[in-house]
Structures are given as C-alpha cells and as structure tokens.
Amino acid sequence: MIGLALFTLLGVGIRLLAMVTIQQRRERMNRQINERLRTLIAAYKTLGGSFTGTLTVDPTHLRDLRHRDKPFAENETIIALDPIADNAAAPDRTRRIRDAVEAALSDIILLGTEEHVRLAGSAARELVAGRPVHTHGLVISLRDFIRKALDLDPIPADVAIPMQGPTRPASAGGRDKGERGKDESRQGAGGGGAGMGGGMGAGLGAGSVDEDPWPSDHRP
C-alpha cells in the first residue's frame, strides 16, 4: 500500500509538472504570436495606409538634392523637394514618411515570413539605391498573412482594392496653432490680472494721498 501510494503520488507529480511546463510554453508561444501580429499589423498600416496621392516612398535626403548630378528616370515619380526651404512642409513630410517606412521594413525583416523578408529586403535595397519604392506588393502579402493568422475569410476576388501606399503623417500645424492659442490666452489672462492689480494699487495709492490720515485736532 505504501509503495502504491508513493507510485501514485510520483505519477501525479510528474503529470502536474508536465502540464505546467506545457502551459507555460503555450503561453510563451501565444505572447510571441501576439507580439508578432501586433508588429506586422502596425507595419501594414504604415506601408498601406493611403489609397490616394503619391503612393511611393521617396528616399531622397536634403543633402542629396544639393549634390545631385544625375536625375531620376522619366518613368519614376518622386516628390520634388526644395533645398532652400529646409523646414518646409513638403520636405518634412517626405522625411517622416521615409523614416516610418524604414522602421516598418526593419520590423518586417525581423518578424516577417520568408516572403515578407524577401519583399522588405528588396524595398530596402531600392531605398539604399536612391530609387522611389512601391510598397503595394508587400502590403498584399502582409494583408493575406494577417487575415490567415486571425482566421478571417480571404478577401473576395471580385473586390477591386486600389493600390495602397505609405501612410501620410498627420500635419502638426493644427496642433501647433491650438497650443499657440492656449499660450496666448494664458498670457492674456496673466496680463489682465496684472492690469487689474496695478489699477487697484494705483487706486489705493491715490486714496492714501488725497485723504489726510490725521484729524486736524490730533496732528503731531
């Protein structure tokens, strides 16, 4: 009986240990899959968040524009940058799009499938070579993989989805204007408070000068 109890206890302990180990491994795999999907979904939104406008990534830096000797081919479309206006809206917008696309390509090379890595590596080589890049092929591959990983139905064949390009960053002009208006309103409120305080002080000072604090029969 003692031997049977020890054998049963040992078997139950081994079973519990195996269950805990398998559960921990499964949780770790789920976390890895969720993190991978989250990263690839963010990359998909970055690379394919636009349907209109310029759908290519311009790799041109401002320093390259100042020392450019050979223009792009006629069939390549780029965003023209003005080397004089270094802080203009168009160069800054192009730079932010390029930086976001480069970060997304880096994430895809790290966590993507073999097909994703091939497409992302090809796009990265095009950027290094200084040629405008289309990301539509990589966007389609990411979209199919994400829908399959989430157990979603494939997109119907009769749905004609237009070409997708990198997401255009939101303009910071409205936010800057709002913050500037708040600062001006705070400064106006502070100036009004100072004017009110100065007026009260001037009124008190004038009253103290006009009025005689000593009665005529109690003057020193």
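Data block above holds the structure.
Cut-offs and rules
- Residues numbered from 1 in each chain as written.
- Predicted model: local features only at pLDDT ≥ 70, side-chain atom pairs only at ≥ 80, totals over all residues.
- Heavy atoms only, no water.
- Axes fitted to C-alpha atoms, helices over the stretch in contact; angles between N-to-C directions.
- Helix = DSSP H or I, 4+ residues; strand = E, 2+ residues; numbered from the N terminus.
- Parallel < 35°, antiparallel > 145°, perpendicular 65-115°, else oblique.
- Left-handed = near helix turned anticlockwise from the far one by under 90°.
- Contact = heavy atoms within 4.5 Å.
- Patch = residues over 30% accessible without salt bridge, like charges linked within 9 Å, V, L, I, M, F, W, Y side chains within 5 Å.
- Areas by Shrake-Rupley, 256 points an atom, 1.4 Å probe, with all protein chains shown as cover.
- Salt bridge = Lys/Arg side-chain N within 4 Å of Asp/Glu carboxyl O.
- Buried < 20%, exposed > 50% of the residue type's maximum accessible area, 1.4 Å probe, protein only.
- Expected span 1.5 Å × (residues − 1).
- Core = buried A, V, L, I, M, F, W, Y, C linked by side-chain atoms within 4.5 Å.
- Polar contact = N/O pair within 3.5 Å; in protein donor to acceptor, adjacent residues only side chain to side chain.

Undergrad: I'd like a description of the packing of helix H4 (residues 114-129) against helix H5 (residues 136-149), backed by residues and values.
TA: Their axes nearest at 10 Å, the elements H4 and H5 cross at an angle of 160°. In terms of axis orientation, H4 runs roughly antiparallel to H5. At the point where H4 passes H5, the crossing takes the left-handed sense. Between H4 and H5, the residues in contact are Glu115, His116, Leu119 and Ala120 and Gly137, Leu138, Ser141, Leu142 and Phe145, respectively.

Undergrad: Any details on a nonpolar patch on the surface? Residues and values, ideally.
TA: Residues Phe51, Ile155, Val159 and Ile161 make up a contiguous nonpolar surface patch of about 300 Å² in total accessible area. With respect to the helices and strands, Val159 occurs in the loop between H5 and helix H6 (173-210). Classification of Val159 by relative accessible area gives partly exposed; the value is 42%.

Undergrad: Could you give an account of unusual backbone geometry, naming the residues involved and the relevant values?
TA: Here the phi dihedral of Asp151 falls at roughly 60°; this positive angle occurs in a residue that is not glycine. Along the chain, Asp151 turns up in the loop between H5 and H6. Classification of Asp151 as exposed rests on a relative accessible area of 68%.

Undergrad: If you had to explain helix H1 (residues 2-47) to someone new, which residues and values would you point to?
TA: The end-to-end C-alpha distance of H1 is 67 Å, a good match for the 68 Å that 46 residues give at a rise of 1.5 Å each. When H1 is considered as a whole, its buried residues turn out to be Leu37, Thr39, Leu40, Ala43, Tyr44 and Leu47.

Undergrad: Quick rundown of the nonpolar core? Include the residues and the values.
TA: In terms of nonpolar packing, the biggest core is built from 18 residues, with Leu47, Val101, Leu105, Ile108, Leu138 and Leu142 touching the most fellow members. Secondary-structure elements contributing two or more residues to this core are H1, helix H3 (89-111), H4 and H5. The element contributing the most residues to this core is H3, with 5 residues. When near neighbours in sequence (up to four residues on either side) are disregarded, Val101 contacts Thr46, Leu47, Val57 and Pro166.

Undergrad: Break down the side chain of Gln164 for me, citing the residues and quoting the values.
TA: With respect to the secondary-structure elements, Gln164 resides in the loop between H5 and H6. For Gln164, a relative accessible area of 2% corresponds to the buried category. One polar contact links Gln164 to Tyr44, side chain to side chain, over a distance of 3.4 Å. Within the structure, the side chain of Gln164 is placed 2.7 Å from the side chain of Arg143, a separation counted as a polar contact. Every residue in contact with Gln164, bar those within four places of it in the chain, is listed here: Tyr44, Gly48, Ser50, Phe51, Leu55, Thr135, His136, Val139 and Arg143.

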